[in-house]
Amino acid sequence: WGNSRDPRVLDTVDLVTLGDSRWARLNPKDNVFRLELLEQGDERSLGLALARKLKKPCILWMPIVEVDDSGEPFAPKWVIDDYNLRCIYPYAHRFPKEGDELSKRPWGYPVWEKGPREELGKLIRALGRRYKNDPYLRYAYICTFNTGGEFYITAEQVRRLESLGYRVDRDIRGFLKWLIDT
(Lines give C-alpha, C1' and ligand atoms only; values in the text may rest on other atoms or scores of the structure.)
Protein backbone atom coordinates (compact mmCIF):
# COMPACT_ATOMS: atom_id res chain seq x y z
CA TRP A 1 0.00 0.00 0.00
CA GLY A 2 1.10 3.58 -0.48
CA ASN A 3 0.12 7.19 -0.14
CA SER A 4 1.24 8.90 -3.32
CA ARG A 5 -0.61 10.57 -6.19
CA ASP A 6 2.32 9.74 -8.49
CA PRO A 7 1.04 7.42 -11.28
CA ARG A 8 4.31 5.45 -11.24
CA VAL A 9 3.69 4.63 -7.57
CA LEU A 10 -0.02 3.96 -8.07
CA ASP A 11 0.78 1.28 -10.62
CA THR A 12 2.79 -0.61 -8.01
CA VAL A 13 0.39 -0.58 -5.05
CA ASP A 14 -2.75 -2.55 -4.36
CA LEU A 15 -4.12 -0.31 -1.63
CA VAL A 16 -3.80 3.47 -1.25
CA THR A 17 -4.20 5.55 1.88
CA LEU A 18 -6.52 8.50 2.00
CA GLY A 19 -5.26 11.97 2.89
CA ASP A 20 -4.99 13.59 6.31
CA SER A 21 -7.83 11.82 8.07
CA ARG A 22 -7.14 12.71 11.69
CA TRP A 23 -10.20 12.95 13.92
CA ALA A 24 -9.72 16.71 14.44
CA ARG A 25 -9.85 17.35 10.69
CA LEU A 26 -12.91 15.18 10.00
CA ASN A 27 -14.90 16.42 13.03
CA PRO A 28 -13.93 20.10 13.58
CA LYS A 29 -17.08 20.97 15.60
CA ASP A 30 -19.71 19.09 17.56
CA ASN A 31 -21.88 17.11 15.10
CA VAL A 32 -20.01 18.54 12.08
CA PHE A 33 -18.44 15.80 9.96
CA ARG A 34 -16.24 16.83 7.01
CA LEU A 35 -16.37 13.50 5.19
CA GLU A 36 -16.03 15.27 1.85
CA LEU A 37 -12.34 15.63 2.77
CA LEU A 38 -12.02 11.87 2.30
CA GLU A 39 -13.48 12.24 -1.18
CA GLN A 40 -11.07 15.05 -2.13
CA GLY A 41 -7.78 13.72 -0.77
CA ASP A 42 -4.85 16.08 -0.45
CA GLU A 43 -1.53 16.91 -2.12
CA ARG A 44 0.02 13.66 -0.91
CA SER A 45 -2.69 11.12 -1.47
CA LEU A 46 -5.79 10.16 -3.37
CA GLY A 47 -9.29 10.95 -2.34
CA LEU A 48 -11.99 8.35 -2.68
CA ALA A 49 -13.41 10.06 -5.77
CA LEU A 50 -10.16 9.67 -7.73
CA ALA A 51 -9.50 6.21 -6.27
CA ARG A 52 -12.87 5.04 -7.61
CA LYS A 53 -12.07 6.46 -11.03
CA LEU A 54 -8.70 4.67 -11.05
CA LYS A 55 -10.26 1.54 -9.53
CA LYS A 56 -7.83 1.61 -6.59
CA PRO A 57 -9.08 0.38 -3.21
CA CYS A 58 -8.34 2.60 -0.21
CA ILE A 59 -7.60 2.43 3.48
CA LEU A 60 -8.73 5.05 5.99
CA TRP A 61 -6.07 5.58 8.66
CA MET A 62 -7.54 7.83 11.39
CA PRO A 63 -5.34 8.80 14.35
CA ILE A 64 -7.24 9.83 17.48
CA VAL A 65 -5.06 9.78 20.64
CA GLU A 66 -1.58 11.13 19.97
CA VAL A 67 -0.28 14.53 18.91
CA ASP A 68 1.63 15.12 15.69
CA ASP A 69 5.26 16.21 15.47
CA SER A 70 4.28 19.87 15.75
CA GLY A 71 2.29 19.20 18.94
CA GLU A 72 -1.15 19.42 17.33
CA PRO A 73 -3.58 16.87 18.78
CA PHE A 74 -5.27 14.31 16.58
CA ALA A 75 -8.38 14.70 18.77
CA PRO A 76 -10.53 17.76 18.02
CA LYS A 77 -9.80 20.82 20.13
CA TRP A 78 -13.50 21.19 20.94
CA VAL A 79 -13.52 17.65 22.46
CA ILE A 80 -10.38 18.40 24.46
CA ASP A 81 -11.91 21.65 25.74
CA ASP A 82 -15.50 20.41 26.30
CA TYR A 83 -14.32 17.41 28.31
CA ASN A 84 -11.39 19.17 29.98
CA LEU A 85 -8.90 16.54 28.78
CA ARG A 86 -5.32 16.90 29.92
CA CYS A 87 -2.46 15.84 27.70
CA ILE A 88 -0.50 12.84 28.89
CA TYR A 89 3.25 13.29 29.15
CA PRO A 90 5.78 12.05 28.30
CA TYR A 91 5.70 10.39 24.94
CA ALA A 92 4.75 6.96 26.18
CA HIS A 93 6.29 4.47 23.78
CA ARG A 94 9.04 4.07 26.33
CA PHE A 95 9.98 5.79 29.55
CA PRO A 96 12.47 8.48 28.56
CA LYS A 97 15.47 9.26 30.70
CA GLU A 98 15.69 12.66 32.39
CA GLY A 99 16.70 15.26 29.81
CA ASP A 100 15.82 12.98 26.89
CA GLU A 101 13.98 14.86 24.12
CA LEU A 102 11.07 12.41 24.43
CA SER A 103 10.63 13.46 28.07
CA LYS A 104 9.42 16.85 26.79
CA ARG A 105 7.18 15.56 24.03
CA PRO A 106 3.46 15.16 24.73
CA TRP A 107 1.88 11.82 23.99
CA GLY A 108 -1.83 12.38 23.59
CA TYR A 109 -5.24 12.71 25.19
CA PRO A 110 -7.36 10.17 27.09
CA VAL A 111 -10.12 9.95 24.50
CA TRP A 112 -11.16 6.56 25.91
CA GLU A 113 -13.00 8.36 28.72
CA LYS A 114 -16.81 8.31 28.50
CA GLY A 115 -17.55 11.74 26.96
CA PRO A 116 -14.86 11.78 24.27
CA ARG A 117 -15.66 8.15 23.47
CA GLU A 118 -19.28 9.12 22.79
CA GLU A 119 -18.13 11.94 20.50
CA LEU A 120 -15.81 9.60 18.60
CA GLY A 121 -18.69 7.14 18.28
CA LYS A 122 -20.74 9.78 16.43
CA LEU A 123 -17.99 10.14 13.81
CA ILE A 124 -17.52 6.39 13.46
CA ARG A 125 -21.25 5.89 12.92
CA ALA A 126 -21.30 8.74 10.35
CA LEU A 127 -18.43 7.05 8.50
CA GLY A 128 -20.29 3.74 8.63
CA ARG A 129 -23.50 5.23 7.25
CA ARG A 130 -21.69 6.85 4.36
CA TYR A 131 -19.08 4.23 3.46
CA LYS A 132 -20.36 0.88 4.71
CA ASN A 133 -21.08 -0.37 1.20
CA ASP A 134 -18.38 1.54 -0.67
CA PRO A 135 -16.34 -1.11 -2.51
CA TYR A 136 -13.29 1.17 -2.70
CA LEU A 137 -12.98 1.83 1.02
CA ARG A 138 -11.68 -1.58 1.99
CA TYR A 139 -10.51 -0.92 5.51
CA ALA A 140 -10.89 1.73 8.19
CA TYR A 141 -8.29 1.75 10.90
CA ILE A 142 -8.88 3.99 13.90
CA CYS A 143 -5.40 4.40 15.42
CA THR A 144 -5.54 4.06 19.18
CA PHE A 145 -2.51 4.39 21.43
CA ASN A 146 -0.12 5.17 18.62
CA THR A 147 -0.37 5.53 14.87
CA GLY A 148 1.80 2.54 14.10
CA GLY A 149 -0.26 -0.61 14.26
CA GLU A 150 -3.22 -2.77 15.12
CA PHE A 151 -4.14 -1.67 18.63
CA TYR A 152 -0.44 -1.79 19.33
CA ILE A 153 0.38 -0.78 22.88
CA THR A 154 3.73 -1.28 24.54
CA ALA A 155 4.40 -2.44 28.07
CA GLU A 156 5.82 1.03 28.74
CA GLN A 157 2.56 2.62 27.63
CA VAL A 158 0.59 0.29 29.89
CA ARG A 159 2.82 1.15 32.87
CA ARG A 160 2.48 4.87 32.11
CA LEU A 161 -1.32 4.67 31.91
CA GLU A 162 -1.49 2.62 35.11
CA SER A 163 0.73 5.19 36.85
CA LEU A 164 -1.92 7.78 35.95
CA GLY A 165 -4.69 5.70 37.50
CA TYR A 166 -6.07 3.99 34.42
CA ARG A 167 -6.76 0.27 34.56
CA VAL A 168 -5.85 -1.90 31.61
CA ASP A 169 -8.82 -4.23 32.01
CA ARG A 170 -11.45 -1.54 32.47
CA ASP A 171 -10.13 1.47 30.58
CA ILE A 172 -7.88 0.15 27.86
CA ARG A 173 -9.37 -3.21 26.92
CA GLY A 174 -12.83 -1.77 27.42
CA PHE A 175 -12.07 1.06 25.02
CA LEU A 176 -10.60 -1.26 22.39
CA LYS A 177 -13.61 -3.59 22.61
CA TRP A 178 -15.96 -0.61 22.32
CA LEU A 179 -14.02 0.68 19.30
CA ILE A 180 -14.24 -2.65 17.49
CA ASP A 181 -17.94 -3.04 18.30
CA THR A 182 -18.73 0.51 17.18
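Rules used in this analysis
Residues numbered from 1 in each chain as written. Predicted model: local features only at pLDDT ≥ 70, side-chain atom pairs only at ≥ 80, totals over all residues. Heavy atoms only, no water. Helix = DSSP H or I, 4+ residues; strand = E, 2+ residues; numbered from the N terminus. Contact = heavy atoms within 4.5 Å. Core = buried A, V, L, I, M, F, W, Y, C linked by side-chain atoms within 4.5 Å. Buried < 20%, exposed > 50% of the residue type's maximum accessible area, 1.4 Å probe, protein only. pLDDT = per-residue confidence, 0-100. Pairing = 2+ DSSP bridges. Phe/Tyr/Trp six-rings, centres within 6.5 Å; stacked < 30°, edge-to-face > 60°. Salt bridge = Lys/Arg side-chain N within 4 Å of Asp/Glu carboxyl O.

Draft legend 1. Focus on the side chain of Glu119. Tracing the backbone through its elements, the reader meets Glu119 in helix H6 (residues 114-131). Excluding anything up to four places from it in sequence, Glu119 contacts Trp23, Asn27, Asp30, Trp78, Val79 and Tyr83.

Draft legend 2. Layout of the nonpolar core. In terms of nonpolar packing, the biggest core is built from 43 residues, with Leu38, Ile64, Val111, Trp112, Leu120 and Phe175 touching the most fellow members. Mapped by element, the contributors of at least two residues to this core are helix H2 (23-26), helix H3 (36-40), helix H4 (48-54), strand S2 (58-63), helix H5 (77-82), H6, strand S3 (137-143) and helix H8 (168-181). The contact partners of Val111, leaving out residues within four places of it in the chain, are Trp23, Ile64, Val65, Ala75, Leu85, Pro116, Arg117 and Phe175.

Draft legend 3. Focus on the confidence of the model for the protein chain. Taken over all residues, the pLDDT of the protein chain has a mean of 80, while the share at 70 or more is 77%. Averaged over each element, pLDDT in the protein chain is lowest for helix H1 (residues 7-10) (56) and highest for H5 (97).

Draft legend 4. Just the pairing of S2, in detail. Taken across its six residues, S2 has five buried, putting it largely inside the fold. For S2 and S3, the ladder comprises six bridges, and the chain directions are parallel. Residue pairing across strands places Met62 opposite Ile142, the latter belonging to S3.

Draft legend 5. The packing of aromatic side chains, seen in detail. Under the defined criterion, the tally for this structure stands at three aromatic pairs. Taking the centre distance of 5.2 Å and the plane angle of 80° together, the rings of Trp112 and Tyr166 count as edge-to-face. With a gap of 54 residues between them, Trp112 in the loop between H5 and H6 and Tyr166 in the loop between helix H7 (155-163) and H8 connect regions that are remote in the sequence. The same class applies to Trp112 as to Tyr166, namely buried. Between Phe175 and Trp178 the ring centres are 5.9 Å apart and the planes differ by 20°, which places this aromatic pair in the stacked class. Highlighted residues: Phe175 and Trp178, both in helix H8, separated by three residues, approximately one helical turn. Classification of Phe175 as buried rests on a relative accessible area of 0%.

Draft legend 6. Expanded view of the pattern of salt bridges. Scanning all chains against the criterion turns up 12 salt bridges. One salt bridge connects Glu39 with Arg52, and the closest N-O pair in it is separated by 2.7 Å. You can see Glu39 sitting in helix H3 and its partner Arg52 sitting in helix H4, a full 13 residues away along the chain. Arg52 sits in the partly exposed class, given a relative accessible area of 27%. Between Glu119 and Lys122 there is a salt bridge; the shortest N-O distance is 3.1 Å. Of this pair, Glu119 and Lys122 both sit in helix H6, separated by three residues, roughly a single helical turn. Overall, the relative accessible area of 27% leaves Lys122 in the partly exposed class.

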